[in-house]
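A structural walkthrough
Chain residues, written in single-letter form:
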Amino acid sequence: MPVPRPLRERCREFLGIDGEIRYIFPASSFGGGAGFVFVITDDQLAVISTGSARGSKPKTVWGSYPRGTRVGPVETGAGASFEFAGAVFEVDDEYIAVVNAADAEIFDRASLPEDPLPDL
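Residues numbered from 1 in each chain as written. Predicted model: local features only at pLDDT ≥ 70, side-chain atom pairs only at ≥ 80, totals over all residues. Heavy atoms only, no water.

Tracing the backbone shows R8 in helix α1 (residues 5-15). When residues no more than four places from it in sequence are discounted, the contact partners of R8 are V3, I21 and I24. (Helix = DSSP H or I, 4+ residues; strand = E, 2+ residues; numbered from the N terminus. Contact = heavy atoms within 4.5 Å.)

With that settled, consider the environment of T60. Turning to its location among the elements, T60 is positioned in strand β4 (residues 60-66). A C-alpha to C-alpha distance of 25 Å links T60 and P73, two positions 13 residues apart in sequence. If near-sequence neighbours (up to four positions away) are discounted, T60 is found in contact with F14, V47, I48 and S49.

Let us now look at the pattern of salt bridges. Tallying each qualifying case throughout the model produces five salt bridges. The partner of R22 in a salt bridge is D42, with the nearest N and O atoms 3.4 Å apart. Here D42 lies in the loop between β2 (34-41) and β3 (44-52) and R22 lies in strand β1 (residues 21-29), a separation of 20 residues in the sequence. A relative accessible area of 32% places R22 in the partly exposed class. Salt bridges sharing partners connect three or more residues here, namely E20, R22, D42, R67 and E105. (Salt bridge = Lys/Arg side-chain N within 4 Å of Asp/Glu carboxyl O. Buried < 20%, exposed > 50% of the residue type's maximum accessible area, 1.4 Å probe, protein only.)

Structure representation (structure tokens):
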């Protein structure tokens, strides 16, 4: 499920991003509580706190990292979760592929499918 356009635009404005957002997905702190949005561009990986677990308004930048920072791997035992920057986050199952693609783009490009329309 794609992140809603209004959330994407709020994050773009909050971070002052002019370029493309390559990947964006919501997450929550392990066990619930705080909500976050991971925003990945060509240059950086920003983690934005949204306050509540299902919040949709950026509150603060929790952290900013170079694009070469690995997000996953995502553990899928009792729900999808991953450790990042010393914290454990939960992500809805539909966003596992987004986390994996973001990591694969940097660390394992050969695993990505070929662009079916490379001339567009």
